[in-house]
Amino acid sequence: MDLREAIYTRRAVREFTAEPVDEKTLRQLIDAAIQAPSAVNQQPWSFCVVRDRALLARISREARALLLKAAPAVLAPSPRFQELLRNPDFDIFYHAPALIVISSVAESPWTVENCSLAAENLMLAARAAGLGTCWIGLAQLWIATAAGKAALNLPANYLPVAPIIVGHPKSEPQPVPRKEPEIRWIGA
Ligand SMILES: Cc1cc2nc3c(=O)[nH]c(=O)nc-3n(C[C@H](O)[C@H](O)[C@H](O)COP(=O)(O)O)c2cc1C
């Protein structure tokens, strides 16, 4: 698949088969992620690969509870998510077989940028490999807690930026229409 096709056909995938993603493939995705640019070439990203189903279920449960209790602002834009999070059967990871959390040191001014660029590379590489991904923002708040960092073995000074689920898509999601971009042309 060429780059244009990967960019234009990548979708947030929320339905997966039960097939696991093998370690070699996960390593290839991480290798694509680290080809991203980084500020001052620090390449500061760190990847945590979670394939433990019980841990994924625990993160989902605790992240839902925390969001409902502590983060109405995160949920405000989406009444649909508020509804879903109240459903004890809702898995924020959509039963994906793997979660890759991209993190870096919280003190750097470019942590979010560096990790996000790596995340997009990873998602495009996954698409090119026939895999599906989705950034799970709903997991971020809980993973950033002391309990979340302990569960993922992340140092206390790390900021988890991009929790990305990875799996074999069960179906091909419909494209989400794009709005007209706001563009200001300055000069000819
Ligand atoms: C920062 C960020 C957080 C997101 N969080 C979630 C999430 O928690 N759950 C979810 O189902 N999708 C999540 N998404 C996926 C978006 O909903 C999705 O990318 C958007 O609807 C556009 O669809 P597309 O990716 O198929 O083009 C997130 C995407 C981004 C970039």
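To be clear, the structure that these remarks concern was listed above.
Just so it is clear, the model here is predicted, and its values are computed rather than measured.

Peer 1: So what about the overall build of the protein? Which residues, and what values?
Peer 2: Counting its regular elements, the protein contains eight helices and four strands. Scanning the protein from its N terminus toward the C terminus, one meets helices and strands in the order α-α-β-α-α-α-β-α-β-α-α-β. Relative to the globule expectation of 16 Å for 188 residues, the C-alpha radius of gyration of the protein, 17 Å, shows essentially globular dimensions. In terms of its C-alpha atoms, the protein occupies a principal-axis envelope of roughly 55 × 40 × 40 Å. The buried share among the 188 residues of the protein stands at 41%. Taking as baseline every contact in the protein between residues at least 6 positions apart, the subset at least 24 positions apart corresponds to 80%. When the accessible area of the protein is evaluated, it comes to approximately 10,900 Å², of which 56% is carbon and sulfur surface.

Peer 1: Can you explain the site of the ligand? Please cite residues and give values.
Peer 2: Around the ligand sit 13 residues, and of these Ala12, Arg14, Tyr94, Gly137 and Arg178 come closest. At 2.9 Å from an oxygen atom of the ligand is found a side-chain nitrogen or oxygen belonging to Arg10. Contact distances for the ligand include 2.5 Å between an oxygen atom and a side-chain N or O atom of Tyr94. Computed on the free molecule, the ligand has an accessible area of 620 Å², of which 68% lies beneath the protein chains in the complex.

Peer 1: Tell me about the side chain of Arg11, and please be specific about residues and values.
Peer 2: The residue Arg11 is located in the loop between helix H1 (3–9) and helix H2 (23–33) in this model. One buried charged residue, Arg11, forms no salt bridge at all, with the nearest opposite charge on Glu172 at 7.9 Å. Within polar-contact distance, the side chain of Arg11 engages the backbone oxygen of Tyr8 at 3.5 Å. Here Arg11 is in contact with Thr133, Pro173, Gln174, Pro175, Val176 and Arg178, once residues within four sequence places are set aside.

Peer 1: Tell me about the sheet that holds strand S2 (residues 98–105), residues and numbers included.
Peer 2: Spatial strand order, S1-S2-S4-S3: four strands in an open sheet with antiparallel pairing. The outermost strands of the open sheet, each flanked by one partner alone, are strand S1 (46–50) and strand S3 (132–135). The average undirected angle you get between the axes of adjacent strands in this sheet is 25°. Contacts between H2 and the sheet are confined to S1, S2 and strand S4 (158–167), with S1 contributing the most and set at about 155° to the helix. Sheet contacts for helix H6 (residues 111–128): S2, S3 and S4; angle to S4, the most-contacted strand, approximately 10°.

Peer 1: Break down helix H3 (residues 53–70) for me, with residues and values.
Peer 2: With 18 residues, H3 extends 25 Å from end C-alpha to end C-alpha; this agrees with the ideal 26 Å at 1.5 Å per step. Among all positions of H3, only Leu55, Leu56, Ile59, Ser60, Ala63, Arg64, Leu66 and Leu67 are buried. Structurally, the start of H3 carries an N-cap: the backbone nitrogen of Ala54 is 2.9 Å from a side-chain oxygen of Asp52.

Peer 1: Account for the nonpolar core, with residues named and values stated.
Peer 2: Membership of the largest hydrophobic core comes to 29 residues, with the highest contact counts inside it found for Ile92, Phe93, Ile136, Leu152 and Ile165. Looking at this core, the elements that each hand over two or more residues are S1, H3, S2, helix H7 (140–143) and S4. Here the element with the most residues in this core is H3; it accounts for six residues. The contact partners of Ile136, leaving out residues within four places of it in the chain, are Ile92, Phe93, Tyr94, Pro163 and Ile165. Ranked by size, the runner-up nonpolar core spans 21 residues in total, among them Ile30, Trp45, Val161 and Ile164.

Peer 1: Lay out H2 in plain terms, naming residues and giving numbers.
Peer 2: For H2, every residue scored as buried is listed here: Thr25, Leu26, Leu29, Ile30, Ala32 and Ala33. Taken around the axis of H2, the buried residues stretch over an arc of 160°, which confines them to a single face. For H2, exposure combined with an orientation more than 90 degrees from the buried face picks out Lys24 and Arg27. Looking at the buried side of H2, the elements it contacts are S1, S2, H6 and S4. Looking at where H2 begins, the residue whose side-chain oxygen comes 3.2 Å from the main-chain nitrogen of Lys24 is Asp22.

Cut-offs used in this document
- Residues numbered from 1 in each chain as written.
- Predicted model: local features only at pLDDT ≥ 70, side-chain atom pairs only at ≥ 80, totals over all residues.
- Heavy atoms only, no water.
- Helix = DSSP H or I, 4+ residues; strand = E, 2+ residues; numbered from the N terminus.
- Rg over C-alpha atoms; globule rule 2.2 N^0.38 Å.
- Buried < 20%, exposed > 50% of the residue type's maximum accessible area, 1.4 Å probe, protein only.
- Contact = heavy atoms within 4.5 Å.
- Areas by Shrake-Rupley, 256 points an atom, 1.4 Å probe, with all protein chains shown as cover.
- Near = heavy atom within 4 Å.
- Polar contact = N/O pair within 3.5 Å; in protein donor to acceptor, adjacent residues only side chain to side chain.
- Lys, Arg positive; Asp, Glu negative; His and termini not counted.
- Salt bridge = Lys/Arg side-chain N within 4 Å of Asp/Glu carboxyl O.
- Pairing = 2+ DSSP bridges.
- Axes fitted to C-alpha atoms, helices over the stretch in contact; angles between N-to-C directions.
- Expected span 1.5 Å × (residues − 1).
- Core = buried A, V, L, I, M, F, W, Y, C linked by side-chain atoms within 4.5 Å.
- Arc of directions from axis to C-beta.

So yeah, pure geometry; function would need other evidence.
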